[in-house]
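Examination of the molecular architecture
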Amino acid sequence: MEDFSNISSRVSIYSSSDDYSGNHMTNPMVPDEFKNVDHRPVSIGRHTIIGCGSVILPGVTIGEGCAVGAISMVKKDCKPFGIYAGIPARRMGERSSGLLESERRFLEVNKRG
């Protein structure tokens, strides 16, 4: 998670997930050689908001300034300053980048004081 990003309650972020295709076994008691677990990092950019109850899956990058609506499932990368929602999450619109000016002023004020 980068600066000024935030997540709401009940958000789940997974960097590992079993393969649910049926081609491999799933279960923590099964040896790794019989499973196909997806292990990939998740990246959450600056000024990102993730709404309540959302699920972020392995390998996802949520770009700077994105807003993810409540109860969304993000399984693909989100481009900067997009508004994403749904299951699976889709780009619904654009978010203003005006917050970058607010950040600049905030950092300037806090540098002085």
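The structure under discussion appears in the preceding block.
Right, let's walk through the structure included here. Here the structure is a predicted model, which is why all the values come from computation and not from measurement.

Quick notes on the side chain of Asp19
For Asp19, the position within the fold is in the loop between strand 3 (16-17) and strand 4 (38-39). Comment: no salt bridge for buried Asp19; closest opposite-charge side chain is Arg40, at 11 Å. A distance of 2.7 Å separates a polar atom in the side chain of Asp19 from a polar atom in the side chain of Ser21. A polar contact is formed between the side chain of Asp19 and the side chain of Asn36, at a distance of 3.0 Å.

Digging into the sheet that holds strand 11 (residues 82-85)
On the basis of which strands lie adjacent, the open sheet formed by five strands has the order 1-6-9-11-12 and mixed pairing. At either margin of the open sheet sits one strand with a lone partner, and together these are strand 1 (6-7) and strand 12 (90-94). In terms of strand pairing, strand 11 meets strand 12 through four bridges, oriented antiparallel. Opposite Tyr84, over in strand 12, you have Arg91 as the bridge partner.

Notes on the environment of Asn6
When you line up the elements, Asn6 lands in strand 1. Considering only alpha carbons, one finds Asn6 and Ser16, ten residues apart in sequence, at a separation of 21 Å. In this structure Asn6 touches Met1, Thr48, Ile49 and Ile50, once residues within four positions along its chain are discounted.

Structural notes on the pattern of salt bridges
Scanning all chains against the criterion turns up seven salt bridges. The partner of Asp38 in a salt bridge is Arg40, and the shortest N-O contact between them spans 2.7 Å. Among the residues examined, Asp38 registers a relative accessible area of 26% and is labelled partly exposed. Using a relative accessible area of 41% as the deciding quantity, one classes Arg40 as partly exposed. One salt-bridge network, in which partners are shared between bridges, spans Arg46, Glu64 and Glu103.

Description of the nonpolar core
The biggest cluster of nonpolar side chains holds eleven residues, and these are Val11, Ile44, Ile50, Ile56, Val60, Ile62, Cys66, Val68, Val74, Cys78 and Tyr84. Leave out the neighbours within four places in its chain, and Val11 touches Ile50, Gly51, Cys52, Gly53 and Ser54.

Criteria and thresholds
- In every chain, residue numbers begin from 1 and rise along the written sequence.
- In keeping with the predicted nature of the model, local features appear solely for residues at pLDDT of at least 70, side-chain atom pairs appear and are counted solely at 80 or more, and the whole-chain, interface and lining totals rest on all residues.
- Excluding hydrogens and water, the side-chain values take into account all heavy atoms of the structure.
- Only runs of H or I of at least four residues qualify as helices and only runs of E of at least two qualify as strands under DSSP, and these elements are numbered from the N terminus.
- Note on classification: 1.4 Å probe, protein chains only; a residue is buried when its accessible area is under 20% of the maximum for its type, exposed when over 50%, partly exposed between these limits.
- In this charge count, Lys and Arg are treated as positive and Asp and Glu as negative; neither His nor the chain ends contribute.
- We count a salt bridge whenever a side-chain nitrogen from Lys or Arg sits within 4 Å of a carboxyl oxygen from Asp or Glu.
- Pairing of N or O atoms within 3.5 Å defines a polar contact, subject to two protein rules: one partner must be a possible hydrogen donor and the other a possible acceptor, and residues neighboring in sequence count only if both atoms are side-chain atoms.
- By this definition, two strands are paired if DSSP reports at least two bridges between them.
- The contact definition used throughout considers only heavy atoms, calling two residues in contact when any of these lie within 4.5 Å.
- Among buried residues, the Ala, Val, Leu, Ile, Met, Phe, Trp, Tyr and Cys ones that are joined through side-chain atoms within 4.5 Å form a nonpolar core.

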